[in-house]
Amino acid sequence: MNIDELRHKALLLPLEPGCYLMKDRSGEIIYVGKAKALKNRVVSYFRENSSHNEKTKKMVSCVNDFDFIVTGSEFEALVLECSLIKHYRPKYNILLMDDKGYHYIHVTDEPYPRIEAVLQKPQDNGLLIGPYMSAYVVRETAEQVNQVFMLPTCGRKFPQDFRKARPCLNFHIKRCMGLCQGKVSREAYQKIIDEAVNYIRSGNVASVEELESQMYAASDALDFERAARLRDQISAIRKITERQTVILGEDRQMDAWGFAQNGTLVSCVLLKIREGRIADKENFTFDGEGNVPEVREEFIYRYYTGRKDIPKAVVLDAPAEDMEMFREFLALQCGHAVETVVPQRGERKKLSDMAVNNAGEQLAHKIRRTGREIAALEELQKLLGLAATPVYIEAYDISNWGETGRVGGMIVFENGRPLKKDYKRFAIRDVIGQDDYGSMREVLRRRFTRYLDGDPAFSRLPDLVLLDGGKGHVNAVQPLLDEMGIDVPLFGMVKDNRHRTRGLTTGEGELALSMMKSAFTLVTNIQDEVHRYAIAYQRILHKKADTASRLKSVKGIGDVKLKKLLSRWPTKPKMKAASAEELMEELKINEETAKALMQAIADL
């Protein structure tokens, strides 16, 4: 079917809740969605000039037909949607993909075994404990057990490397037993490994009870050295347990969600609180799936579909579209009531912020940026009410210095850092006199005219445009952008009496930056950089004008000869290297004029 046929078919749908299934030419289901009113929702896909994101536009372009199922309520539609997605796994739905593989704790097969975290099964015949879905759990457990039982984690081979070098720092800070000294027998070491494996399998509490029993038995047998070692292990386990405990009052079991976005990339982190401490962390990344609210709304339902181990509280960093329905959905999955909250203060808020910060760090690692840079862009997005994170920001400034020094500078920040290869300079040509507003309009007009003309150097549309100036600059430029059909957020960067960044302004009012430290630092850096760049270009032009003025002061050198001179010898070193004969031949001047010109060049 073509788009008109699909729209006509959609107009025949009922205004009732239900699910719709989009199909491609082969009949494969490529997208499943739910709707409060099927007709309204499905028709929206096939309207002309619809404001869909890129993912939805691509999906619609592949649709050849659709089917639908009417349900009794929106909640029934939600449950059915989750079931259908789980069954068909349509490629345009956000799916819970397991791309991490299985993780194991590996006890190596060697005379003095090591305990390590591994992703895949090793080739040797060592002991494998697992599999685990969480890399976090495996890494934390391996680190704990090596610390508690003071096992070696260095690269030395035993017994080959016994007594070949001094013990490392871990031995001196009591993080390693010093196996490299060759004083621990193979049998005694194997006993420690067996205790460590038992610790992994039985957990903290059971291990402490077992170790305490062994300690008292060793003491009764007058084996005080072994009793002391067991005492130290018990103490280490208790310290680690205390260090990991998160004070949560009655909130001993909880899931805390955090989301962050950069461009089309969305990062999600789930912190699992069990027995009052962070027991696990899961990371998910989505590219081109939409903005954070869209991903949050779809993914949290995907994640909890079919799960029975849902805690009694689920904390979100922002509300789902229908929190009551989300709560009802979770209760249906696990069989008990689940509290769903967006905390504003207290321990839950701290955990929510921790999840968001982790999502930002995960995203920063993915795009090789710092968490602070990601936070700055997110703060800026919230402050300005932008639909998406402003990844690509352009900033403009005008600098005036007489008739020869009227220039405009354009700088670019991408992902919170200067992108100097995209900087551009504009010499003001059309505006007469020192007219900041007119000059700014000229610069923006020339920049976006080249964008509309398909100039490769100006092919990217910014996510945000910042002008170094107040609301007057914004009011001067906004009508121009509207006239050109350029739909880009536009704000002015306002300075205080000491010429320091104060806030951002629209054409109507000002937005303070003082309460958003990361965004304030970013905007300050942008404002300082665009001012520096414009001033630097102005000085270059001023120097060129000064050079031209000095050379034209030589009798016999006018505009035409000056142009020839600068074309043949464009830099001062090249001019100074030119001989009198070369000047006479190129510029068609006599010897006296050539000598005077050489003197003027030498004085530059």
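Everything below is about the structure printed above this text.
Residues numbered from 1 in each chain as written. Predicted model: local features only at pLDDT ≥ 70, side-chain atom pairs only at ≥ 80, totals over all residues. Heavy atoms only, no water.

(A) Molecular detail of the overall build of the chain. If you tally the helices and strands in the chain, you get 19 helices and 19 strands. Relative to the globule expectation of 25 Å for 604 residues, the C-alpha radius of gyration of the chain, 34 Å, shows a markedly less compact shape. Taking as baseline every contact in the chain between residues at least 6 positions apart, the subset at least 24 positions apart corresponds to 61%. Summing over all exposed atoms, the chain offers an accessible surface of approximately 31,700 Å²; the carbon and sulfur share of this is 50%. (Helix = DSSP H or I, 4+ residues; strand = E, 2+ residues; numbered from the N terminus. Rg over C-alpha atoms; globule rule 2.2 N^0.38 Å. Contact = heavy atoms within 4.5 Å. Areas by Shrake-Rupley, 256 points an atom, 1.4 Å probe, with all protein chains shown as cover.)

(B) View of unusual backbone geometry. Cis geometry marks the peptide bond from Phe158 to Pro159, where omega comes out at 10 degrees. Checked against the element boundaries, Pro159 lands in the loop between helix 5 (135-148) and helix 6 (169-172). Residue Arg89 is not a glycine yet carries a positive backbone phi of 50 degrees. With respect to the helices and strands, the residue Arg89 is situated in the loop between helix 4 (74-88) and strand 4 (103-107). Classification of Arg89 by relative accessible area gives partly exposed; the value is 44%. Phi angles above zero are rare outside glycine, and Met150 is one such case at about 55 degrees. Counting through the fold element by element, Met150 comes out in the loop between helix 5 and helix 6. (Buried < 20%, exposed > 50% of the residue type's maximum accessible area, 1.4 Å probe, protein only.)

(C) Focus on the pairing of strand 7 (residues 254-262). Summarising burial for strand 7: nine of the nine residues are buried, a large majority. In strand 7, alternate side chains face the same way, and those of Met254, Ala256, Gly258, Ala260 and Asn262 on one face and Asp255, Trp257, Phe259 and Gln261 on the other are all buried. Here strand 7 pairs with strand 8 (residues 265-274) via nine bridges, running antiparallel. In the strand pairing of strand 8, Trp257 is matched with Leu270. Between strand 7 and the antiparallel strand that follows it, strand 8, lie two residues; Gly263 among them carries a positive phi value of about 65 degrees. (Pairing = 2+ DSSP bridges.)

(D) Just the nonpolar core, in detail. Of all hydrophobic cores here, the largest spans 29 residues; its most connected members are Trp257, Phe299, Tyr304 and Val314. Secondary structure elements with two or more residues in this core: helix 4, strand 7, strand 8, strand 9 (277-287), helix 9 (292-304) and helix 10 (323-334). The leading source of residues in this core is helix 9, at seven residues. (Core = buried A, V, L, I, M, F, W, Y, C linked by side-chain atoms within 4.5 Å.)

(E) The sheet that holds strand 8, seen in detail. Spatially, 9-8-7-10-11 is the arrangement adopted by the five strands of the open sheet, whose pairing is mixed. Two strands lie at the open edges of the sheet, namely strand 9 and strand 11 (339-341), each paired on one side alone. Here the strands of the sheet are splayed against their neighbours by 15 degrees on average, with no regard to which way each runs. Here helix 10 sits on the sheet and contacts strand 10 (313-315) and strand 11; the angle it forms with strand 11, its principal contact strand, is near 145 degrees. (Axes fitted to C-alpha atoms, helices over the stretch in contact; angles between N-to-C directions.)

(F) Up close: the pattern of salt bridges. Under the defined criterion, the tally for this structure stands at 25 salt bridges. Ionic pairing is found between Asp353 and Lys349, a salt bridge with its closest N-O pair at 3.3 Å. Of this pair, Asp353 and Lys349 both sit in helix 11 (residues 346-367), four residues apart, which is roughly one turn of the helix. Under the relative-accessibility criterion, Lys349 is labelled partly exposed at 29%. One salt bridge in this structure joins Lys495 and Asp468, with 3.8 Å as the shortest N-O distance. Of the two residues, Lys495 is situated in strand 17 (residues 490-495) and Asp468 in strand 16 (residues 464-468); the sequence distance between them amounts to 27 residues. For the pair Lys495 and Asp468, one class covers both residues: buried. (Salt bridge = Lys/Arg side-chain N within 4 Å of Asp/Glu carboxyl O.)

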